[in-house]
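Observations on chain architecture
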Amino acid sequence: MHFSIHQGMLTSVRYAASPHYDARPVGTEIDLLVIHSISLPPGDHETQYIEDFFCGEGLDPALHPYFATLQAVRVSAHLLIARGGEVIQFVPFTQRAWHAGESFFDGRTRCNDFSIGIELVGTDDTEYTDQQYARLVEVIFALQAVYPKITHDRIVGHSEIAPGRKTDPGKKFDWQRLKQLLEVTQGTVP
């Protein structure tokens, strides 16, 4: 699949508008990509509860006790990549999604200001799918075409920008595989 970006939106994907975003600081350049993982409830790989959560729909604690812990939480991500490779966009890349929380990278705090957040459906202890890696690589190349300062060495896990507080995308995310796919695919993606 070939993705491109038009006015902050990834083409050929479904858009589910999240209210959990705001404007980036004026003059801020996007130069960081943060990889996350999510499953709601923990261990469940369906996407509807994640979509509801990011879109501010509220999750009924009667459906699962874990949802009670999320009642006051307001978060989003720019993109979600499901287990089968479906990509959903929640926030335009030009806006600041609320994905990183308290964070720092390369001497700067508030990583939401200058980063794009991509959630992968999964957990720290779940292998990610071939479809997720393939879609992630395609998305990365589309992002780098518009935001060239997101170099391969500026693609990090949430755990790297919020150490001690976050562990995602976890030990099952294969960074070496992603690096190899980026190198192998570099010249073949239009």
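Please refer to the structure higher up on the page.
I will try to describe carefully the structure that is included in this document. Predicted, not measured: the structure shown is a model, and the values here were computed from it.

1. A short note on the overall build of the protein chain
Helix and strand counts for the protein chain stand at 4 helices and 12 strands. Relative to the compact-globule value of 16 Å for 190 residues, the protein chain shows a C-alpha radius of gyration of 16 Å, a close match. By its C-alpha atoms, the protein chain is 50 × 40 × 35 Å across when sized along the principal axes. Buried positions account for 51% of the 190 residues belonging to the protein chain. Taking as baseline every contact in the protein chain between residues at least 6 positions apart, the subset at least 24 positions apart corresponds to 71%. Working note: accessible area of the protein chain is about 9000 Å², and carbon and sulfur atoms make up 52% of it. A gap of 4 Å separates the mean positions of the 16 positive and 24 negative side-chain charges of the protein chain.

2. Thoughts on the packing of aromatic side chains
Each pair of aromatic rings is reported with the distance of its centres and the angle of its planes. Inspection of the entire model under this criterion finds 6 aromatic pairs. Aromatic pair Tyr128 and Phe173: ring centres 5.6 Å apart, planes at 75 degrees, arrangement edge-to-face. Of this pair, Tyr128 sits in the loop between β11 (115–121) and α2 (130–146) while Phe173 sits in the loop between α3 (158–161) and α4 (175–185), placing them 45 residues apart in sequence. Through pairs of rings, three or more aromatic residues link up here, namely Tyr128, Tyr133, Phe173 and Trp175. Sitting above the plane of the Phe114 ring, Arg108 keeps its charged end 3.6 Å from the centroid.

3. Things to note about α4
Leu178, Leu182 and Thr185 are the residues of α4 that are buried. All buried residues of α4 lie within an arc of 85 degrees about the axis, which places them on one face of the element. Lining the buried residues of α4 we find α2 and β12 (155–157). Capping the start of α4, Asp174 holds a side-chain oxygen 3.2 Å from the backbone nitrogen of Gln176, two or three residues further along.

4. Concerning the pairing of strand β5 (residues 32–38)
The buried count for β5 comes to 7 of 7 residues, which makes it a mostly enclosed element. Here β5 shows two buried faces, one formed by Leu32, Val34, His36 and Ile38 and the other by Leu33, Ile35 and Ser37. Summarising the sheet, β5 and β11 pair through 7 bridges and their orientation is parallel. Paired with Val34 across the strands is Gly117, a residue of β11.

5. Here's the deal with the sheet that holds β5
Here we have 6 strands laid out as an open sheet, ordered β3-β7-β6-β11-β5-β12, and mixed in their pairing. Either end of the sheet is taken by a strand with one partner, and the two such strands are β3 (14–15) and β12. Each of β5, β6 (79–81), β7 (87–89), β11 and β12 is contacted by α2, which is oriented at about 170 degrees to β11, the strand it contacts most. Across the sheet, α4 is in contact with β5 and β12; its angle to β12 comes to roughly 165 degrees.

Conventions used here
Residues numbered from 1 in each chain as written. Predicted model: local features only at pLDDT ≥ 70, side-chain atom pairs only at ≥ 80, totals over all residues. Heavy atoms only, no water. Helix = DSSP H or I, 4+ residues; strand = E, 2+ residues; numbered from the N terminus. Rg over C-alpha atoms; globule rule 2.2 N^0.38 Å. Buried < 20%, exposed > 50% of the residue type's maximum accessible area, 1.4 Å probe, protein only. Contact = heavy atoms within 4.5 Å. Areas by Shrake-Rupley, 256 points an atom, 1.4 Å probe, with all protein chains shown as cover. Lys, Arg positive; Asp, Glu negative; His and termini not counted. Charge placed at Lys NZ, Arg CZ, Asp CG, Glu CD. Phe/Tyr/Trp six-rings, centres within 6.5 Å; stacked < 30°, edge-to-face > 60°. Lys NZ or Arg CZ within 6 Å of the ring centre and 35° of its normal. Arc of directions from axis to C-beta. Polar contact = N/O pair within 3.5 Å; in protein donor to acceptor, adjacent residues only side chain to side chain. Pairing = 2+ DSSP bridges. Axes fitted to C-alpha atoms, helices over the stretch in contact; angles between N-to-C directions.

Remember that the coordinates give geometry; whether it matters functionally is a separate question.
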